[in-house]
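Notes for the structure review
Read off the chains here:
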Amino acid sequence: MSEAQQHQQLLELHNQMFMSPQDFSYRWGLGYEELAKICAISKSTAYHWLGGQASRREAGLPYQRIMAVADFLFANAEVINPLLEQWHNPQHPN
């Protein structure tokens, strides 16, 4: 498989990644404040995602993808943390 095909396959898999705010917050023990930081949204919006039936709002698919990617990062932190440190370190090429 060529590099371009590998990239395309990875992007297709990425585009299929979704996770609800309820599942994500339950799995990682996060409240609405942490969820708001991860998704770069207001605390109020995160509160409504996790709120009771009367105030519940659905998270859009782009936000569900953010939570799925964050879930993947959290679940694979031992492998990913060193890679992210290299990526952020200006002495190492990307």
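Look a little higher up for the structure.
Nothing here was measured: the structure is a model prediction, and the numbers come from that model.

**Considerations on the overall build of the chain**
Summing up its helical and strand segments, the chain has six helices and zero strands in all. The secondary structure elements of the chain, listed N-terminal to C-terminal, are α-α-α-α-α-α. In terms of overall size, the chain is more extended than a compact globule, its C-alpha atoms giving a radius of gyration of 16 Å where 94 residues would be expected to give roughly 12 Å. Oriented by its inertia axes, the alpha-carbon framework of the chain measures out at about 50 × 30 × 20 Å.

**Regarding unusual backbone geometry**
A negative phi angle is the norm for most residues apart from glycine, just as the trans form is the norm for most peptide bonds. Its identity is not glycine, yet Ala-40 carries a phi of approximately 55 degrees, on the positive side. Overall, the relative accessible area of 68% leaves Ala-40 in the exposed class.

**Re the packing of aromatic side chains**
What describes a pair of aromatic rings is the distance from one ring centre to the other and the angle between the planes of the rings. Here the structure, examined in full by the defined rule, presents four aromatic pairs. Relative to Tyr-63, the ring of Trp-49 has its centre 5.4 Å away and its plane inclined at 55 degrees; by these criteria the two rings are tilted. Of this pair, Trp-49 sits in helix 4 (residues 43-50) while Tyr-63 is found in helix 5 (residues 61-75), placing the two residues 14 residues apart along the sequence. A residue is classified by how much of its surface remains accessible, and Tyr-63, at 31% relative accessible area, is partly exposed. Every member of this aromatic cluster is reached through a ring pair, and the members are Phe-24, Trp-28 and Phe-74.

**Here we look at the environment of Gln-8**
The topology assignment puts Gln-8 in helix 1 (residues 3-14). Sequence-wise, Gln-8 and Leu-84 are 76 residues apart; in three dimensions their C-alpha atoms are separated by 22 Å.

**As for a nonpolar patch on the surface**
Together, Phe-72, Leu-73, Phe-74, Leu-84 and Trp-87 make up an exposed nonpolar region whose accessible area comes to about 480 Å². Where the nonpolar patch is concerned, the elements lending two or more residues are helix 5 and helix 6 (77-88). It is helix 5 that contributes the most residues to the nonpolar patch, three residues altogether. Assignment of secondary structure puts Phe-72 in helix 5.

**Remarks on the pattern of salt bridges**
Evaluation of the coordinates by the stated rule reveals two salt bridges. Salt-bridge contacts for Arg-27 lead to Asp-71; the nearest nitrogen and oxygen are separated by 3.1 Å. One end of the pair, Arg-27, is in helix 2 (residues 21-28); the other, Asp-71, is in helix 5, with 44 residues separating them in the sequence. The class of Asp-71 is buried, set by a relative accessible area of 11%. The closest approach of N and O atoms between Lys-43 and Glu-33, which form a salt bridge, is 4.0 Å. Taken together, the residues Lys-43 in helix 4 and Glu-33 in helix 3 (residues 32-39) connect sequence positions ten residues apart.

What counts as what
- Residues numbered from 1 in each chain as written.
- Predicted model: local features only at pLDDT ≥ 70, side-chain atom pairs only at ≥ 80, totals over all residues.
- Heavy atoms only, no water.
- Helix = DSSP H or I, 4+ residues; strand = E, 2+ residues; numbered from the N terminus.
- Rg over C-alpha atoms; globule rule 2.2 N^0.38 Å.
- Buried < 20%, exposed > 50% of the residue type's maximum accessible area, 1.4 Å probe, protein only.
- Phe/Tyr/Trp six-rings, centres within 6.5 Å; stacked < 30°, edge-to-face > 60°.
- Patch = residues over 30% accessible without salt bridge, like charges linked within 9 Å, V, L, I, M, F, W, Y side chains within 5 Å.
- Areas by Shrake-Rupley, 256 points an atom, 1.4 Å probe, with all protein chains shown as cover.
- Salt bridge = Lys/Arg side-chain N within 4 Å of Asp/Glu carboxyl O.

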